[in-house]
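# Close look at the chain arrangement
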Amino acid sequence: MTGPPCGSLLDYKTAKFSVTRNRRVGLLHRLLQLSALGYLLGWVLLLRKGYQERDAAPRVAVVTKVKGAAAAEAAGRRLWDAADLTWPPQGENVLFLVTHFTATIQQAQGTCSESPSVLDGMCTEDADCPLGKPVVHGNGIKTGKCLMFNTTHSTCEIYGWCPVENDTLPRKPLLAEAENFTIFIKNTVHFTKFNFSKCNTLQTTDPSYFKNCTYDPVFNPSCPVFRVRDMVEAAGKNFGDLALLGGIIRVLIEWNCDLDHPAAQCQPQYSFRLQDTMYNFSVSHRTASYYWGSQRQLYRNLLKLYGIRFDLSVHGQSFLSRAGENGLSHLKKNLLVMSRGGRFSSLKAGAVKCSVGKYPQGEKLWHDQG
């Protein structure tokens, strides 16, 4: 027998509960509730500081300056300083430090044999060297002649800068003294959300401080002057090995600032990581110095550079508690996000878990929470 149409709209429902005095079930129920409450208080409020607003997109400015000098015997004894070893400038967040090189001195435009290391320059007869054709991956243009380079190789004669580039790399880095060079890294961050700015340099009235200090994570963490050898070793590499063929080191500067505390406690953390080895800077860049000889002949000294590239990366975030309605609304917003993500469902899940279990007496406990 069916009821009257739409009769269910006039029904009145109430929740039905069943209470069983079982200590193990009650203890389990409370433990589940306490674990959810502990997550809320310990993780959300204390560790994640859900009552604070967060700015994770600071504006960043980085300035670097290299200091040092080294002497090398290749291509004549020459003194190298920071202006020579940090060539060329690649941007404010990238720094290349030359540690090794090969030199080809007194090159002049003329004809000479191509290097036997260039595959397209090898030949056995003149027909292998068509006139006017550039040598692929070589040093000049073929003249149509095949010449004896040495007792075992014959190469095409070319028109170019002669003699051809020297590609014999010394077994020890020529600029090993670069390990004692220092790099001054000035970094400023600005958190626009809170209108807060901070610089990694120590605020001091002593003009000689930055000339005498060196960064140390324990004894001198506020000095932004880093010794190259220390940076390489912090990245897990030996300077002598890395200086020979080059490499890339990432310098990571991290700011985590709790603005509820004094601004002096907002300090950066530095870390160094080896990104790549055998970084050959000369693949796409060489440097040459030109001069005129006594017979008005143009000459040049060609350098092929190897070194260490430092990639500077800055990340940061700041936190601040807002007083009054702003802080309260931010906390409510975080709690709402957590509840939508199912974090608070464990409170109800604890009750459901306890209500469907069988007990030693064989009785099944249940309740309907509506």
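Residues numbered from 1 in each chain as written. Predicted model: local features only at pLDDT ≥ 70, side-chain atom pairs only at ≥ 80, totals over all residues. Heavy atoms only, no water.

### Let's talk about the overall build of the protein chain
Helices and strands together make up the secondary structure of the protein chain, namely seven helices and 14 strands. Classification of the 370 residues of the protein chain by burial places 35% in the buried group. Within the protein chain, residue pairs in contact and separated by at least 24 positions form 69% of the contacts whose partners lie at least 6 positions apart. Surface accessibility of the protein chain: about 22900 Å² in total, with carbon and sulfur atoms responsible for 54%. (Helix = DSSP H or I, 4+ residues; strand = E, 2+ residues; numbered from the N terminus. Buried < 20%, exposed > 50% of the residue type's maximum accessible area, 1.4 Å probe, protein only. Contact = heavy atoms within 4.5 Å. Areas by Shrake-Rupley, 256 points an atom, 1.4 Å probe, with all protein chains shown as cover.)

### Section: the pattern of salt bridges
Considering all chains together, one arrives at six salt bridges under this definition. Close ionic contact of Lys193 with Glu53 constitutes a salt bridge, the shortest N to O distance being 3.5 Å. Here Glu53 lies in strand β1 (residues 52-55) and Lys193 lies in the loop between β8 (182-191) and β9 (196-199), a separation of 140 residues in the sequence. Residue Lys193 is classed as partly exposed on the basis of its relative accessible area, which comes to 40%. Take Glu53: its relative accessible area is 14%, and that puts it in the buried class. Among the salt bridges present, the one from Arg227 reaches Asp230, with a minimum N-O distance of 3.3 Å. (Salt bridge = Lys/Arg side-chain N within 4 Å of Asp/Glu carboxyl O.)

### Looking at the pairing of strand β7 (residues 154-162)
In terms of burial, β7 is largely enclosed, as eight of its nine residues are buried. Pairing of strand β5 (residues 94-113) with β7, which is carried by six bridges, proceeds in the antiparallel orientation. Counterpart to Gln109 in the pairing with β7 is Trp161. Pairing geometry for strand β6 (residues 140-148) and β7, over six bridges, is antiparallel. (Pairing = 2+ DSSP bridges.)

### Here's the deal with the confidence of the model for the protein chain
The predicted model of the protein chain averages 81 in pLDDT, with 75% of residues at 70 or higher. A low-confidence stretch, residues 358-370 (pLDDT under 50), is modelled with 30 contacts involving residues beyond four sequence positions or located in other chains. (pLDDT = per-residue confidence, 0-100.)

### Thoughts on the side chain of Thr155
Within the secondary structure, Thr155 sits in strand β7. A polar contact of 2.9 Å, which involves the side chain of Thr155, links it to the backbone oxygen of Glu114. (Polar contact = N/O pair within 3.5 Å; in protein donor to acceptor, adjacent residues only side chain to side chain.)

### With respect to the packing of aromatic side chains
The full count for this structure, using the stated rule, is nine aromatic pairs. With 6.0 Å between their ring centres and 70° between their planes, Phe184 and Phe210 make a pair best called edge-to-face. Pair noted here: Phe184 is in strand β8 and Phe210 is in helix α3 (residues 209-212), with a separation of 26 residues, a long-range link. Its relative accessible area of 26% is what places Phe210 among the partly exposed residues. One aromatic cluster is present, built from ring pairs that chain together Tyr215, Phe226, Tyr270 and Phe272. Over the aromatic face of Trp80 sits the side chain of Arg78, whose NZ or CZ is 4.1 Å from the ring centroid. (Phe/Tyr/Trp six-rings, centres within 6.5 Å; stacked < 30°, edge-to-face > 60°. Lys NZ or Arg CZ within 6 Å of the ring centre and 35° of its normal.)

### Some details on the state of the cysteines
Applying the stated rule across the entire model yields five disulfides. Note that Cys112 is cross-linked by a disulfide to Cys162, the S-S spacing being 2.1 Å. One quick way to see it: the torsion about the S-S bond of Cys112 and Cys162 is about -80°, and its sign makes the bridge left-handed. You can see Cys112 sitting in strand β5 and its partner Cys162 sitting in strand β7, a full 50 residues away along the chain. When its relative accessible area of 12% is taken as the criterion, Cys162 is described as buried. Two residues, Cys123 and Cys146, share a disulfide whose sulfurs are 2.0 Å apart. Note on the Cys123 and Cys146 pair: the S-S dihedral is about 90°, so by sign convention the disulfide is right-handed. Remark: Cys146 occurs in strand β6 and Cys123 occurs in the loop between β5 and β6; sequence separation between them is 23 residues. (Disulfide = S-S within 2.5 Å.)

### Notes on unusual backbone geometry
Cis geometry is found at the peptide bond from Cys162 to Pro163, where omega equals 0°. For Pro163, the position within the fold is in the loop between β7 and β8. Positive phi, close to 55°, is recorded for Asn195, a residue that is not glycine. Along the polypeptide, Asn195 turns up in the loop between β8 and β9. Phi angles above zero are rare outside glycine, and Arg296 is one such case at about 55°.

### Section: a nonpolar patch on the surface
The grouping of Leu27, Leu31, Leu34 and Leu37 at the surface amounts to a nonpolar patch, some 390 Å² of accessible area in total. Structurally, Leu37 is set in helix α1 (residues 23-47). (Patch = residues over 30% accessible without salt bridge, like charges linked within 9 Å, V, L, I, M, F, W, Y side chains within 5 Å.)

### Focus: the environment of Asp311
With respect to the helices and strands, Asp311 occurs in strand β14 (residues 298-321). Along the primary structure Asp311 and Val251 are separated by 60 residues, whereas in three dimensions their C-alpha atoms are 5.9 Å apart. Residues in contact with Asp311, not counting those within four places in the same chain, are Asn93, Val94, Ile248, Ile249, Arg250 and Val251. Among the polar contacts made by the side chain of Asp311, one reaches the side chain of Arg309 at a distance of 2.8 Å.

### Focus: the pairing of β5
Summarising burial for β5: 15 of the 20 residues are buried, a large majority. Relative to β14, β5 runs antiparallel, the two sharing 12 bridges. Each residue of the ladder has a partner; that of Gln107, found in β14, is Arg300.

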